[in-house]
Amino acid sequence: MSKSGGGNFFEDFKLGQVIRHATPRTVTSGDVVLYLGLFGGRFAVQSSDAFAQAIGYPHAPIDDLLVFHVVFGKTVPDISLNAVANLGYAACRFRAAVYPGDTLSAVSEVIGLRETSNKQSGVVYVRSTGFKADGTEVVDYVRWVMVRKRDEKAAAPEAHVPQLPSHLQADQLGDAVPVIGTAAYDTGLSGSERRFESYKPGEKIDHVDGVTVEEAEHQIATRLYQNPARIHFNQWAEAKSRFKRRLIYGGHAISLARSLSFNGLENAFHVAGINGGRHVAPLFAGDTVFAWSEVLEAQEIPGRNDVGALRLRTIATKDRPCDDFPWKAGEEYGPSVILELDYWVLIPR
Amino acid sequence: MSKSGGGNFFEDFKLGQVIRHATPRTVTSGDVVLYLGLFGGRFAVQSSDAFAQAIGYPHAPIDDLLVFHVVFGKTVPDISLNAVANLGYAACRFRAAVYPGDTLSAVSEVIGLRETSNKQSGVVYVRSTGFKADGTEVVDYVRWVMVRKRDEKAAAPEAHVPQLPSHLQADQLGDAVPVIGTAAYDTGLSGSERRFESYKPGEKIDHVDGVTVEEAEHQIATRLYQNPARIHFNQWAEAKSRFKRRLIYGGHAISLARSLSFNGLENAFHVAGINGGRHVAPLFAGDTVFAWSEVLEAQEIPGRNDVGALRLRTIATKDRPCDDFPWKAGEEYGPSVILELDYWVLIPR
Amino acid sequence: MSKSGGGNFFEDFKLGQVIRHATPRTVTSGDVVLYLGLFGGRFAVQSSDAFAQAIGYPHAPIDDLLVFHVVFGKTVPDISLNAVANLGYAACRFRAAVYPGDTLSAVSEVIGLRETSNKQSGVVYVRSTGFKADGTEVVDYVRWVMVRKRDEKAAAPEAHVPQLPSHLQADQLGDAVPVIGTAAYDTGLSGSERRFESYKPGEKIDHVDGVTVEEAEHQIATRLYQNPARIHFNQWAEAKSRFKRRLIYGGHAISLARSLSFNGLENAFHVAGINGGRHVAPLFAGDTVFAWSEVLEAQEIPGRNDVGALRLRTIATKDRPCDDFPWKAGEEYGPSVILELDYWVLIPR
């Protein structure tokens with residue numbers, strides 16, 4: 001077999017298998033800055049050590065989605081290098097704050113396998129966990145991908161599809177946030193006076209701004225996560241594909257939408273969990289991304305008086321403003337929708 | 001009113017009003033590096049801790065213009081989101097050195113208001129101040145912008161136009177620079193032996209090099225400053241504008257010109273103040289920026305034997321070398337001129 | 001003479017001359033991150049403090065090639081601003097690990113001069129050395145460039161061409177690597193179980209992936225090294241050149257090839273020396289770079305049981321996969337080859 005490998009195929013995965021992923025990575029203030037340059041986040045907690053310390057953090061934490069992308073990137077060479085499609089995420093919980101200097105690694109456990117009916121591929125379910133060098137678990141999530149078989153004639157394992165929750169419950173949220181001093185949370189500096197109590201289920205918020213993506217930007221971002229998926233980087237090969245262009249990593253759209261959501265959700269400083277996400281359509285360089293959100297739930301967190309949880313559905317579009325909240329027409333997504341994300345954010349009370 | 005706001009309009013501003021801006025930001029060595037990657041500065045003091053320490057700094061200071069851009073960026077959502085035009089700057093003083101780890105915030109005071117004759121907009125004058133978490137003021141400047149009215153029929157306040165100096169005086173300069181050890185200032189490492197005494201008023205210096213700007217570069221830079229002005233990022237909307245393209249943040253041209261000015265001003269390591277600036281024409285991705293400078297004044301600073309002050313007029317052009325020092329033909333700027341900047345730099349004696 | 005200078009011409013160089021270069025530069029964790037964003041390296045030693053410390057480093061070292069580029073960049077204004085051609089490198093040794101916080105400077109000694117037969121230019125040979133603020137030498141190499149004469153009639157010095165080794169010997173390698181704990185070197189985290197003993201001379205490895213270069217990327221990288229060579233940045237001028245485009249810094253192709261080489265050389269964590277390199281054809285934005293390597297030698301290092309040395313020939317191509325190992329047809333390089341690099345890497349035993 002070639003030394004440069006080629007990733008795992010469907011028949012390489014076994015139920016219960018645990019895969020340790022390369023490459024451990026120390027995240028630093030350099031990551032904070034480059035991620036800022038790429039996405040332009042304005043949440044005060046992640047931007048300012050002084051602000052974070054005033055409310056009870058030892059230091060400004062690393063952006064939750066940057067942590068997710070770094071952990072996700074590690075899983076790509078082992079899990080999805082031969083993926084036909086990324087099918088879904090579920091039950092993603094952010095469990096501990098990450099600070100500059102922490103080293104992140106990842107493992108995945110295979111928790112489900114199901115051959116597809118045409119026998120050319122199969123669906124692999126993994127629970128991936130990111131942790132620090134001292135073992136502290138910082139994020140975990142379930143992901144399922146359709147992976148090619150190396151050999152169509154290979155025998156398939158018995159189908160096993162894990163039970164997955166439609167969404168996290170409020171009592172599963174908040175482990176990554178210390179009890180914060182809500183009086184010390186300075187809404188003059190954070191950009192808005194609106195706290196938990198200002199948001200009601202059913203409310204829709206247009207995030208107003210649009211941002212155009214450049215090839216250099218998404219390539220730099222995806223390399224920052226050490227995510228080597230070929231489809232994002234190789235124009236020579238992609239020119240022969242259906243889209244004729246490099247496909248942008250789906251997480252890029254998520255980070256853009258999160259950053260845009262500051263307009264209207266200025267104090268929703270922490271992504272506590274991701275219930276599910278769907279990349280409805282591909283994003284390409286030159287596209288302009290817009291976003292809007294609907295508040296699905298507003299929940300108190302048992303035992304905490306400092307922060308509440310908002311469950312949001314954020315929709316991102318390309319080349320279409322969101323002032324009329326585009327989403328679905330019947331069962332179908334509108335033609336400009338690229339992302340639907342169902343997630344929980346925490347916001348001071 | 002929509003949660004995602006829309007910035008202030010002319011009638012929202014009151015004389016004497018003080019606006020605290022979001023988002024505080026801790027600048028780090030990551031900022032130093034990304035700013036270097038974007039502009040390529042070669043001034044030894046900002047590049048090397050060892051060089052800076054040898055002459056009396058505790059650490060290499062953050063580039064002055066990076067400090068300016070970060071502070072400026074904070075003011076945008078409150079001051080100029082509905083600006084029709086950025087009209088001018090004055091009396092910008094750099095008052096304390098900023099180091100990695102410092103957290104920057106900004107406030108603005110409204111110091112002038114004047115409705116325009118067509119009653120559709122008004123000019124707002126603000127004095128903006130950037131400061132550290134401990135209250136140390138690091139930069140202040142006056143800026144005036146023409147801002148749309150929300151309602152043309154809204155009553156206008158009595159006109160008040162502040163008196164502004166044509167330029168700072170030498171005794172207002174240098175607070176951000178410790179007394180430096182001029183003997184320890186190693187001109188072998190700094191790139192030139194020329195010190196204060198080598199420059200004479202009237203002297204013109206071509207900065208020789210040209211640098212082409214890419215969309216990804218100016219977007220990354222402008223996000224680094226958390227400046228959300230829409231015109232820089234949203235190609236979908238700008239395609240419908242007069243220019244049909246994203247407009248590059250004016251500060252990008254200033255930073256490019258400053259970086260180019262190393263060729264000929266190698267030891268002018270500190271921008272001490274900006275007397276005024278004019279963005280004569282817009283800059284777009286794909287344009288190549290050149291620059292030249294004229295020494296307007298060479299002044300000793302009262303009480304200091306270590307550094308002298310040069311007042312410079314730097315002209316930046318696009319797609320036109322500056323070996324013949326293009327500026328004005330009569331009252332009109334030459335067709336390639338994009339920037340005129342009048343400012344003070346400090347240089348060892 | 002103009003203050004903004006114009007670099008040295010052939011007749012400005014004297015045999016034995018020592019040139020101290022501007023600008024000293026402190027490298028930080030910001031450099032590590034931006035270099036990662038630009039090249040996507042996945043070698044565990046440079047990526048993780050925890051991994052590096054486990055095997056005996058005090059901290060993750062700065063990528064060897066980043067050190068090389070920073071040192072090289074300093075030499076450009078003095079050595080090659082008037083270069084007609086970069087002719088070669090030899091005997092590049094990495095002699096001490098560089099860590100965040102170290103300040104790098106460079107000096108060059110002129111070790112050879114030879115006027116070209118047409119008397120319009122001459123070849124200048126320099127030995128350049130990069131060192132830390134405490135004097136520790138971190139890298140040295142010989143480079144020769146063809147430099148224009150200012151005045152064709154200027155007398156030429158007596159020709160002196162230095163003797164250069166075809167390649168470094170194994171006992172010259174490894175000074176930049178502490179004795180590492182090979183048992184603590186975790187091949188689960190590093191991405192492969194293959195150590196020194198797995199590689200044999202004559203073996204060829206396709207590095208599989210391809211990566212497309214963007215203008216913003218190579219400009220940011222080259223500015224990161226404070227390399228001001230005009231040909232990389234000035235589209236207005238280059239539009240009039242033979243290629244009509246900005247030429248990408250040759251070191252960019254080297255770094256891309258090194259990063260791609262992780263596929264198949266996962267544990268070859270240290271570039272110990274560069275025997276020689278040839279930029280066979282220019283690289284431009286939009287090109288997609290592929291690479292493959294041949295193992296030329298596998299040598300033990302006298303006195304060391306922890307690491308062995310592999311001498312590699314890495315070939316990079318543009319817009320052509322390397323699964324059939326393209327190189328030369330007879331004396332001529334294949335039409336897609338852009339780089340041939342002969343170098344030594346260290347890998348745990």
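Each residue is numbered by its place in its chain's sequence as written, counting from 1. The lettering of chains begins at A and the numbering of ligands begins at 1, in the order of writing. Per-residue local features are limited, in this predicted model, to residues with pLDDT of at least 70; the limit for side-chain atom pairs, both in listing and counting, is 80 or more; totals at the level of whole chains, interfaces and linings are taken over all residues. The basis for every side-chain value is the complete set of heavy atoms in the structure, and neither hydrogens nor water enter the calculation.

1. Observations regarding the relation of the copies chain C and chain B
Point 1. Mapping chain C onto chain B is achieved by rotating through 120 degrees and translating by 0.0 Å along the same axis, at an RMSD of 0.0 Å. Both chain copies can therefore be described as sitting about a three-fold axis. Considering only C-alpha atoms, the part of chain C nearest the rotation axis is glycine 30 of chain C, at 2.3 Å.
Point 2. Contacts were defined at the residue level, with two residues in contact if any of their heavy atoms lie within 4.5 Å. The fraction of interface residues of chain C whose copies in chain B are also interface residues is only 12%, indicating that the copies meet through different surfaces. In superposing the copies, a least-squares fit is computed on C-alpha atoms, taking residues whose pLDDT is at least 70 in both.

2. Some details on the interface of chain C and chain B
Point 1. Each partner contributes residues to the interface: chain C has 32 residues there, and chain B has 46 residues.
Point 2. The term buried area means the drop in 1.4 Å probe accessible area that two parts suffer when joined, counted for both and summed. Around 3000 Å² of area is buried between chain C and chain B when both sides are counted, 56% of it from carbon and sulfur atoms.
Point 3. In terms of surface lost to chain B, no three residues of chain C exceed Lys3, Arg223 and Trp236 of chain C, which account for 26% of the buried area on that side.
Point 4. Salt bridges are defined as contacts in which a side-chain nitrogen from Lys or Arg sits within 4 Å of a carboxyl oxygen from Asp or Glu. Remark: the boundary between chain C and chain B carries 5 salt bridges.
Point 5. The partner of arginine 20 of chain C in a salt bridge is aspartate 186 of chain B, and the shortest N-O contact between them spans 2.6 Å.
Point 6. Think of a polar contact as two N or O atoms within 3.5 Å of one another; within protein, one of them needs to be a possible hydrogen donor and the other a possible acceptor, and neighboring residues in sequence only count if both atoms come from side chains. One can count 21 residue pairs in polar contact (both at pLDDT 80 or more) joining chain C with chain B.
Point 7. Helix and strand labels come from DSSP, where a helix needs a run of H or I of at least four residues and a strand needs a run of E of at least two; each type is numbered from the N terminus. Going through the elements one at a time, β1 (18-26), α1 (29-39), β3 (103-115), α6 (215-224) and α7 (235-238) of chain C are the ones with two or more residues in the side of chain C that touches chain B.
Point 8. Element by element, the count of residues in the side of chain C that touches chain B is highest for β1 of chain C, at 7 residues.

3. Here we look at the side chain of asparagine 263 of chain B
Point 1. With respect to the helices, strands and loops of the structure, asparagine 263 of chain B is situated in the loop between α8 (250-260) and β8 (270-279).
Point 2. Buried residues are those whose accessible area, probed at 1.4 Å on protein chains only, stays under 20% of the maximum for their type, while exposed residues exceed 50% and partly exposed ones sit between those limits. When its relative accessible area of 10% is taken as the criterion, asparagine 263 of chain B is described as buried.
Point 3. Separated by 3.1 Å, the side chains of asparagine 263 of chain B and aspartate 209 of chain B make a polar contact.
Point 4. When sequence neighbours within four positions are dropped, the list of residues in contact with asparagine 263 of chain B reads Arg42, Ile205, Asp206, His207, Val208 and Asp209 of chain B together with Ser4 of chain C.

4. Some points on unusual backbone geometry
Leaving glycine aside, a negative phi is the common case for residues, and trans is the common case for peptide bonds.
Point 1. Across the junction of alanine 22 of chain B and threonine 23 of chain B, the peptide omega takes the value -5 degrees, indicating a cis bond.
Point 2. Residue position: threonine 23 of chain B is located in strand β1 (residues 18-26).
Point 3. Although it is not a glycine, aspartate 319 of chain A sits at a positive phi angle of roughly 55 degrees.
Point 4. Overall, the relative accessible area of 32% leaves aspartate 319 of chain A in the partly exposed class.
Point 5. Positive phi, close to 55 degrees, is recorded for phenylalanine 325 of chain A, a residue that is not glycine.
Point 6. Considering the arrangement of structural elements, one finds phenylalanine 325 of chain A in the loop between β10 (307-318) and β11 (328-329).

5. Focus on helix α8 (residues 250-260) of chain A
Point 1. Most of α8 of chain A sits inside the fold, with 11 of its 11 residues counted as buried.
Point 2. For α8 of chain A, the complete set of buried residues consists of Gly250, Gly251, His252, Ala253, Ile254, Ser255, Leu256, Ala257, Arg258, Ser259 and Leu260 of chain A.

6. Describing the packing of aromatic side chains
Point 1. Only Phe, Tyr and Trp rings take part, Trp by its six-membered ring, and two of them pair if their centres are within 6.5 Å. Stacked means planes under 30 degrees apart, edge-to-face means over 60, and tilted covers everything else. Throughout the structure, instances matching the rule amount to 45 aromatic pairs over all chains.
Point 2. With centroids separated by 6.5 Å and ring planes inclined at 25 degrees, the aromatic side chains of phenylalanine 72 of chain A and tyrosine 141 of chain A adopt a geometry described as stacked. Placement of phenylalanine 72 of chain A in helix α4 (residues 64-79) and of tyrosine 141 of chain A in strand β5 (residues 137-148) is noted, with a sequence separation of 69 residues between them. Residues phenylalanine 72 of chain A and tyrosine 141 of chain A agree in their burial class; the two are buried.
Point 3. Looking at lysine 3 of chain B, its charged tip hangs above the ring of tyrosine 199 of chain A, at a distance of 4.6 Å from the centre. For a ring to carry a charge above it, either NZ of a lysine or CZ of an arginine must fall within 6 Å of the ring centroid while also lying within 35 degrees of the normal to the ring plane.

7. Comments concerning the interface of chain B and chain A
Point 1. Across the contact, 32 residues belong to chain B and 46 residues belong to chain A.
Point 2. Buried surface at the junction of chain B and chain A, summed over both partners, amounts to about 3000 Å²; 57% is from carbon and sulfur atoms.
Point 3. Applying the counting rule to chain B against chain A returns 5 salt bridges.
Point 4. Across the salt bridge formed by glutamate 214 of chain A and arginine 246 of chain B, the nearest N and O atoms sit 2.8 Å from each other.
Point 5. Elements that contribute at least two residues to the side of chain B that touches chain A include exactly β1, α1 (29-39), β3 (103-115), α6 (215-224) and α7 (235-238) of chain B.

8. A short note on the pattern of salt bridges
All names here are of chain A.
Point 1. Scanning all chains against the criterion turns up 72 salt bridges over all chains.
Point 2. Between aspartate 140 and arginine 93 there is a salt bridge; the shortest N-O distance is 3.4 Å. Of this pair, aspartate 140 sits in strand β5 while arginine 93 sits in strand β2 (residues 83-94), and the two are 47 residues apart along the sequence.
Point 3. Salt-bridge contacts for arginine 304 lead to aspartate 306; the nearest nitrogen and oxygen are separated by 2.8 Å.
Point 4. On the basis of relative accessibility, which here comes to 12%, the residue arginine 304 falls in the buried class.
Point 5. Given the relative accessible area of 5%, aspartate 306 is considered buried.
Point 6. What emerges from the salt-bridge pattern is a single network uniting Arg93, Arg95, Glu137 and Asp140.

9. Here we look at α1 of chain B
Residue and element names in this part refer to chain B.
Point 1. With 10 of 11 residues buried, α1 lies mostly within the body of the structure.
Point 2. Within α1, the full set of buried residues consists of Ser29, Gly30, Asp31, Val33, Leu34, Tyr35, Leu36, Gly37, Leu38 and Phe39.
Point 3. For α1, the N-terminal cap is threonine 28; the gap from its side-chain oxygen to the backbone nitrogen of glycine 30 is 3.0 Å.
Point 4. Downstream of α1 by one or two residues, glycine 40 has phi in the positive range, about 70 degrees.

10. Considerations on the pairing of strand β8 (residues 270-279) of chain C
Residue and element names in this part refer to chain C.
Point 1. Burial analysis of β8 places 8 of its 10 residues in the buried class, the great majority of the element.
Point 2. Paired strands, as defined in this entry, are two strands with at least two bridges between them according to DSSP. As judged from the 2 bridges shared by strand β2 (residues 83-94) and β8, these two strands associate in the antiparallel manner. For arginine 93, the partnering residue across the bridge sits in β8 and is glycine 273.
Point 3. Relative to strand β13 (residues 337-348), β8 is paired through 8 bridges, and the arrangement is antiparallel. By the bridge assignment, glycine 277 is partnered in β13 with leucine 341.

11. Notes on the side chain of histidine 69 of chain A
Residues and elements named next belong to chain A.
Point 1. Positionally, histidine 69 belongs in helix α4.
Point 2. Within the local environment of histidine 69, its side chain forms a polar contact with the side chain of serine 255, the two groups lying 2.7 Å apart.
Point 3. Once residues lying within four places of it in the same chain are set aside, the contact partners of histidine 69 are Tyr35, Tyr225, Tyr249, Gly251 and Ser255.

Note that all results are geometric; they support no functional claim without further evidence.
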